Amino acid sequence: MYGVRPSAKQYEEDLQLSDPRDKDQPMQLTQNKSHMEIGEILSEEEELELEESDSELTDMPSLDENLRQDSAAANNAEVPCHSDPGSSVVQFAERSADTAKSHPLVQALVHLTAGAAGGVACVVSGQPFDTIKVKMQTFPTMYRGFFDCSVRTYQQEGLPGLYQGTAPALLANVAENAVLFACYGFCQQLVRQLFGLSSVLELSDLQSALAGSFSSVFSSMVLCPAELVKCRMQALHEMKVTGRTALACHSSTWATVKNIFQSEGLLGFFQGLTSTWLREVPGYFFFFGGYEVSRSFFTQAGQCKEDWVLFP
């Protein structure tokens, strides 16, 4: 009946008449309730963790932003020299060039090549005038002057007559200039040591001229034999006319060399060496002296002669 509370005795009887398994129902309900509470607690903790992770992901920059920041940092960062292949090659080339410039053998080869090229240009442009000079010096009474010697040589021997002795002339000039400029660098070092200087750049114009004069001593020893053969070939026509040689007027260089060796021996090639020294030693003193004085004159204040160039 509604509103009537059962007594304790009736409650006990109801429990005895009910299924014994129903006795455990209150305990199961309690346990289920505790499990549900635990599940709710765990679900609340997982939700908190998810919220925290979401907030962290929200605070973290995106992948695109990271990539942009990394690329910007890479562009702004200073790249070491060794990481750039182009700069490494340039630096290696500059170091190699500086080493090559300071090496005496490389300097000698540079001077040798420059002297040889200058000798070839000198012979090609001045050989006809040198031939006329030699003819007039060897036979001063045979010609009335430069114009007469030039015309008669062209009439008698043609244009090749003016270039007679070109091969030994090339050898003489190339050998002279090559040895001269090759020895010039070593003579500069010798003069530097004589005057107690620490560098060749400290040489004065007078000291450089002295170094050039010393180098002409060695160049004369290769110039004299070649110049002797050249002069003999240039004057072959006149010597043939006067009966001083049995060679033909257009004999080759090798025929002239054999004739000198057979008639005069090895020392015959060095006839006039003393006169060559007396001409070359003072001549190249003024040659190199004038060269160094001109460089000093055209060098601006605050600059070094080694940095001076004619055309920037």
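Criteria and thresholds
- Residues numbered from 1 in each chain as written.
- Predicted model: local features only at pLDDT ≥ 70, side-chain atom pairs only at ≥ 80, totals over all residues.
- Heavy atoms only, no water.
- Helix = DSSP H or I, 4+ residues; strand = E, 2+ residues; numbered from the N terminus.
- Expected span 1.5 Å × (residues − 1).
- Bend = angle between axes of the 7 residues up to and from the residue.
- pLDDT = per-residue confidence, 0-100.
- Contact = heavy atoms within 4.5 Å.
- Axes fitted to C-alpha atoms, helices over the stretch in contact; angles between N-to-C directions.
- Left-handed = near helix turned anticlockwise from the far one by under 90°.
- Nonpolar A, V, L, I, M, F, W, Y, C, P; charged D, E, K, R; others polar.
- Phe/Tyr/Trp six-rings, centres within 6.5 Å; stacked < 30°, edge-to-face > 60°.
- Buried < 20%, exposed > 50% of the residue type's maximum accessible area, 1.4 Å probe, protein only.
- Disulfide = S-S within 2.5 Å.
- Core = buried A, V, L, I, M, F, W, Y, C linked by side-chain atoms within 4.5 Å.
- Salt bridge = Lys/Arg side-chain N within 4 Å of Asp/Glu carboxyl O.

A. Local environment of helix α9 (residues 205-234). The first and last C-alpha atoms of α9 sit only 38 Å apart over 30 residues, clearly below the 44 Å expected at 1.5 Å per residue. Largest kink in α9: about 35°, centred on S219.

B. Structural context of the confidence of the model for the chain. Summarising the model, the chain shows a mean pLDDT of 74, and 63% of its residues fall at 70 or more. When mean pLDDT is compared element by element in the chain, α9 scores highest at 91, while helix α1 (residues 8-17) scores lowest at 51. Contacts for the low-pLDDT stretch residues 17-26, under 50 throughout, to residues beyond four places or in other chains number zero contacts. Here residues 77-83 is modelled with pLDDT under 50, and outside its nearest four sequence neighbours on either side it reaches four contacts, counting other chains as well.

C. Focus on the packing of helix α8 (residues 166-194) against helix α12 (residues 273-298). Relative to each other, α8 and α12 sit at 65°, their axes nearing to 14 Å. Every pair of crossing elements has a handedness; the one defined by α8 and α12 is right-handed. Every residue of α12 that contacts α8 at E176, L180, F181 and Y184 is listed here: E280, Y284, F287, F288 and E292. Split into classes, the residues belonging to the contact of α8 with α12 amount to six nonpolar, no polar and three charged.

D. Molecular detail of the packing of aromatic side chains. In this structure the tally under the stated criterion is six aromatic pairs. Ring centres 5.4 Å apart and planes at 90° place the aromatic pair F285 and F286 in the edge-to-face group. Overall, F285 belongs to the partly exposed group, its relative accessible area being 24%. With centroids separated by 5.2 Å and ring planes inclined at 85°, the aromatic side chains of F287 and F288 adopt a geometry described as edge-to-face. Overall, the relative accessible area of 2% leaves F288 in the buried class. Three or more aromatic residues link up through ring pairs in this structure, and these residues are Y184, Y284, F287 and F288.

E. Expanded view of α12. With 26 residues, α12 should reach 38 Å at 1.5 Å per residue; the first-to-last C-alpha distance of 37 Å fits that figure. Every buried residue of α12 is accounted for by L273, T276, E280, Y284, F288, G289, E292 and R295. On the buried face of α12, the contacting elements are α8 and α9.

F. Structural view of the state of the cysteines. One pass over the structure, following the stated rule, counts zero disulfides. Cysteine C183 shares no disulfide, and the gap to the nearest cysteine sulfur, in C187, comes to 5.9 Å. Take C183: its relative accessible area is 19%, and that puts it in the buried class. Here C231 is not cross-linked by a disulfide; its sulfur's nearest cysteine counterpart is in C224, at 9.5 Å.

G. Local environment of the nonpolar core. In terms of nonpolar packing, the biggest core is built from eight residues, these being L180, Y184, C187, V191, L203, A211, Y284 and F288. Those elements that place two or more of their residues in this core are α8 and α12. Looking at which element gives the most residues to this core, the answer is α8, with four residues. With sequence-adjacent residues up to four places away left out, F288 is seen in contact with L180, F181, Y184, S208, A209, G212 and S215. L228, V229, I260 and F269 belong to the second-largest nonpolar core, a separate cluster that totals five residues.

H. Broad picture of the pattern of salt bridges. All chains considered together, the criterion is met by ten salt bridges. Residue R232 pairs with E264 through a salt bridge whose shortest N-O separation is 3.0 Å. With R232 in helix α9 and E264 in helix α11 (residues 253-264), this pair connects stretches of sequence that are 32 residues apart. One salt-bridge network, in which partners are shared between bridges, spans D130, K133 and K230.

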